[in-house]
Every structure is written in C-alpha cells, then in structure tokens.
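Coordinate analysis (summary)
Here's the letter readout for the chains.
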Amino acid sequence: MRKPAHGTRGLLILGIETSCDETAAAVVEKGRRVLSSVIASQVADHRPYGGVVPEIAGRKHLENLVSVVQSALDEAGVTPADLGAVAVTSSPGLMGALLVGTSFGKALAMGWGVPLVEVNHLHAHALAINLGARRPRLPFLALVVSGGHTTLFRVSSALDLAILGQTRDDAAGECIDKVAKFLGLGYPGGPEIDRLAAGANPRAVRFTRGLAHAATLDFSFSGLKTAVVNHVLGTSRLDGPLNHQRMPSIPDGELRDLVASFLEAVVDTLVDKTLRAAREHGLSTVVVSGGVAANMRLREKMTAAGKAAGVRVLFPGRELCTDNAAMIAGAAWHQARIGRFAGLDLRPCAKMKTGAC
Ligand code: KG4
Ligand code: ZN
C-alpha cells in the first residue's frame, strides 16, 4: 500500500465497515488515495448455513475488529494522531452487525479525540469509483447491485444521491445466491455461477425478465428464482419429492447452460433498466458497483450496451466492488470537508436511513 504524503495529518480517514459479513477497516487520504484496506471475510463461518447468519456476523465483527483496525493503521503507516476522522457504516445492513461497528467507531472517536462520520453503505458503493484512476464527471448514474440491494441512483454530487429505482423483492445477488443454493453450488453462489456460465450457452433456456416492459425503473428478481426452480422440477428425471438433500442430478453441460441462461436473465434485466434510466434522466456516464458488479458477463454486456448507446460505463476494481472499508472512508471525506459529523448518540438503521432511526 502507498504511504501517506508528507503533511497529510488531518486529511486521513479511518473507515470501518461491518454492515454484513465482512469486517473491514481502511485508511484513505483526501477521499481518494487508499493507504490500506484490510478485510476479514466471514464466508467460511456462514458457509455451513448457506447464507449469512446475523447472530454469527455480529459476534465475528466483535472478535475481528481490534486486529483489523490495527492492521489498517499499521499497513498505512499511520497512528491515531494522524487521523482527521473515524467513519462508520450506519445503514443499511444487519442491525447487530451495524451496532458492533458503530459502537466500536464511537469508542475510537471518543478515545482518540477525533470526529465521527456516519456513512450510508449504498452511497459508499456508488462513490467507490472515486478511489480508482478513472473518475466519472458529475452527474452520473450509479447501479449498486449486491447481495442485499439493487438500486439505481442519480449522483448529482458526493453529497446528493437520489434513488431512481430499486428492487421490489429480492436483490440480484440474493437471487443469484438462492438459485446457486438450490442447484447445490455452494455459498456464496455468485463467483461459482460466474465461473460455470463462462463459455456456456446463455440462450439454452429462456427465463423471465422481471418488470422488463413496465414503465418503472424498479427491479424484480423473485419471479426469476421461481422460474429456475420450476424449470428444474419440470425437466427433472427425479421420481418422488425434491428436497435439499435430494437434488435432481443435472448433467454437467446442461447445468452450465442452465446457469448461463439464468445469469443472462439477471444481466439483461440490469443492463436494460440501467440504460433506460440513463436515457430517461439524460445521464451519459454509468457506474456499476456492489458485489455483483464483479460478474464478468455483466461487465461485458453493460460495457457493450453502453458503447452502442453512447454511454460511458465504469466499474470500480473488483476489490472495490465487494464490501470494503476504503469506500466508507472515501465517502466520509466529502462530509468531513463540510463539517458534517455525527454525535455519539448516532444510531444505526437496518433499512436505508432517511432521517432519525
Ligand atoms: O457487495 P457485497 O460484497 O455484499 C453486499 O453488500 O451484499 O455483494 C455480495 C454479493 C453476493 O450475492 C455474491 O454472490 C455476489 O455479490 N457476487 C457475485 C460475484 N461475486 C460476488 N455475483 C456474480 N458474479 C460474481 N463474480
Ligand atoms: Zn455491500
């Protein structure tokens, strides 16, 4: 990691992220230069359950935070005295997980005598692009697509993000993870689905594209999940009831085509709605972020569709797409600059925070 420039005291922010199943801390200079970014993944702890267990997530954050924060400071080569602020994710996310992170951040801010900044996790995903070499010009359209959210924002400035559309049921990543679980592909399903779909036939099965023809910029993915289940049950050679212990065995080639066709429906939905939003709102730059933005097919199709429509499409680096604390520290910078600090009475909010929680 890069070392802080001389005389940067006060321009450095320590970010802390604990909204879901990654315990992360990072030090970022002036909202742009990532000096360190440490992530302790809990994937192995949740894998036996096939999804994130909120109770375990909270406990693991508590166990990991001290060493993750210490590593972030050490790797950046800074001490608490160099920091201008401590930033914490305060919403949306798992309540127990958020409580651990915000309480820890408050204690650090109080003990070190530095201000506290609260950051919205989705805003941080949308602004993570500013940590890379290719920064978009304002205003831009941001698609945040992760395990918990599928949201389109108009980003007028780093402090002014307006929701244009969002999922009405499952998030895209949630749908991917649930389908992967149903097909026995392990947890989290996204990377495995990405791998299996590569080179397979995305037109083997035609799956529904939720709300494709509706005027809304909202998304819907739960019907697609059901369509995959119905397809597998309808074509299965299984006699007798299906359950998690007893999956139909799908030949390898067929499974890959099925996965590619499913992924194609997710990707087409995301690409079509996003470009429609860009057109309707007169935005010529699209930023795609969140865990699902790491998907190769999405990157490929969004970039090609953007080119055809004359829209610039940008993705943060893959390590900045999935949950991390550098994006929290980066987003916090804009608030710290205008003196928008949180009090020690800060309360986290499981849902998107719109006012007092
Ligand atoms: O942003 P993130 O790390 O956490 C949340 O805030 O939810 O996103 C996690 C989601 C999971 O649903 C995971 O399966 C999905 O991102 N994901 C992917 C890929 N890598 C992660 N989905 C598709 N393709 C990938 N390569
Ligand atoms: Zn996230």
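Residue positions are counted from 1 within each chain, in the order its sequence is given. Think of it this way: whatever chain is written first is A, whatever ligand is written first is 1, and the rest follow in order. Residue-level local features of this predicted model are given only where pLDDT is at least 70; pairs of side-chain atoms are given and counted only at 80 or more, and the full residue set underlies all totals for whole chains, interfaces and linings. To get the side-chain values, all heavy atoms of the structure are used, and hydrogens and water are removed first.

1. Description of the pairing of strand β4 (residues 83-91)
Heads up, the condition is: Residue exposure (1.4 Å probe, protein chains only): buried if accessible area is under 20% of the type maximum, exposed if over 50%, otherwise partly exposed. Each helix is a run of DSSP H or I of at least 4 residues and each strand a run of E of at least 2, with the numbering of both proceeding from the N terminus. Any two strands with at least two DSSP bridges between them are considered paired. Call a crossover right-handed when, viewed with both strands pointing away from you, the route from the first strand across the helix to the second goes clockwise.
Within β4, 8 of the 9 residues are buried, which leaves it mostly tucked inside the rest of the structure. Sheet analysis places strand β1 (residues 12-17) next to β4, joined by 5 bridges and oriented parallel. Along β4, the bridge assignment pairs Leu14 with Val86. Where β4 meets strand β5 (residues 116-120), 5 bridges bridge the pair, whose relative direction is parallel. In the strand pairing of β5, Ala87 is matched with Val117. In this fold, β4 hands off to helix α3 (residues 95-112), which returns the chain to β5; that crossover is right-handed.

2. Some details on the nonpolar core
What counts here: Joining through side-chain atoms within 4.5 Å is the link that ties buried Ala, Val, Leu, Ile, Met, Phe, Trp, Tyr and Cys residues into a set, and such a set is a nonpolar core. In what follows, a contact means two residues having at least one pair of non-hydrogen atoms within 4.5 Å.
In this structure, Leu183, Leu224, Phe262, Leu270, Val288 and Leu298 are the most contacted members of the largest nonpolar core, which totals 50 residues. Broken down by secondary-structure element, the contributors of at least two residues to this core are β6 (140-145), α5 (172-182), α6 (189-197), α7 (222-235), α8 (252-280), β9 (285-289) and α9 (296-309). With near-sequence residues (within four places) excluded, Leu270 lies in contact with Leu143, Val145, Thr150, Ala172, Phe219, Phe221, Leu298 and Met302. Membership of the second largest hydrophobic core comes to 35 residues, among which are Ala85, Ala142, Val155 and Val287.

3. Quick look at the site of ligand 1
Test applied: By convention in these notes, a residue is near a molecule or strand provided one of its non-hydrogen atoms lies within 4 Å of it. Nitrogen and oxygen atoms within 3.5 Å of one another constitute a polar contact, given that in protein one can donate a hydrogen and the other can accept it, and given that sequence-neighbouring residues count only through two side-chain atoms. By the convention adopted, Pro, Cys, Tyr, Trp, Phe, Met, Ile, Leu, Val and Ala count as nonpolar, Lys, Arg, Asp and Glu as charged, and the other residues, Gly among them, as polar.
The environment of ligand 1 is formed by 18 residues, the closest being Gly147, Asp177, Asp194, Gly291 and Asn295. Between Gly147 and ligand 1, the recorded distance is 2.8 Å, taken from a backbone N or O atom to an oxygen atom. Between ligand 1 and Val292 there is a distance of 3.5 Å, counted from an oxygen atom to a backbone nitrogen or oxygen. Elements represented by at least two residues in the shell around ligand 1 include exactly α4 (121-127), α5 and α6. Counting residues per element, the shell around ligand 1 draws most heavily on α6, which supplies 3 residues. For the shell around ligand 1, the residue count by class is 4 nonpolar, 11 polar and 3 charged.

4. What about the sheet that holds strand β10 (residues 312-314)?
This is how it is decided: Lines fitted to C-alpha atoms define the axes here, with helix axes fitted over just the stretch in contact, and angles between the N-to-C directions of these axes take values from 0 to 180 degrees.
One open sheet accounts for 5 strands, arranged β8-β7-β6-β9-β10; its pairing is mixed. Each edge of the sheet is formed by a strand with only one pairing partner; in this case those strands are β8 (160-166) and β10. The sheet shows a mean angle of 25° between the axes of neighbouring strands, taken without regard to direction. In this sheet, β9 lies alongside β6 in parallel orientation, the contact comprising 4 bridges. Pairing of Val144 across the sheet is with Ser289, part of β9.

5. Focus on helix α11 (residues 326-337)
As a reminder of what qualifies: The span you would expect from a helix comes to 1.5 Å times its residue count less one.
With 12 residues, α11 should reach 16 Å at 1.5 Å per residue; the first-to-last C-alpha distance of 17 Å fits that figure. Of all 12 residues that make up α11, 11 are buried, and the element is covered over most of its length. When we look at burial in α11, the residues that qualify are Ala326, Met327, Ile328, Ala329, Gly330, Ala331, Ala332, Trp333, His334, Gln335 and Ala336. Residue Gly339 follows α11 closely and has a positive phi angle near 75°.

6. Here we look at unusual backbone geometry
Of note, the bond from Ser91 into Pro92 is cis; its omega dihedral lies within 30 degrees of zero at -20°. Relative to the assigned elements, Pro92 resides in the loop between β4 and α3. Unlike most non-glycine residues, Lys30 shows phi in positive territory, near 50°. Among the secondary structure elements, Lys30 is positioned in the loop between β2 (22-29) and β3 (33-41).

7. Concerning the packing of α8 against α9
The condition is simple: By the definition used in this description, the sense in which the near helix is turned from the far one sets the handedness, with an anticlockwise turn below a right angle giving left-handed and a clockwise turn giving right-handed.
Running from N to C, α8 and α9 cross one another at 35°; their axes reach a closest spacing of 10 Å. Crossing of α8 against α9: the hand is right-handed. Note on element contacts: α9 touches α8 through Arg297, Leu298, Lys301, Met302, Ala305 and Gly306, opposite Leu263, Glu264, Val267, Asp268, Leu270, Val271, Thr274 and Leu275. Of the residues assigned to the contact of α8 with α9, the class counts are 8 nonpolar, 2 polar and 4 charged.

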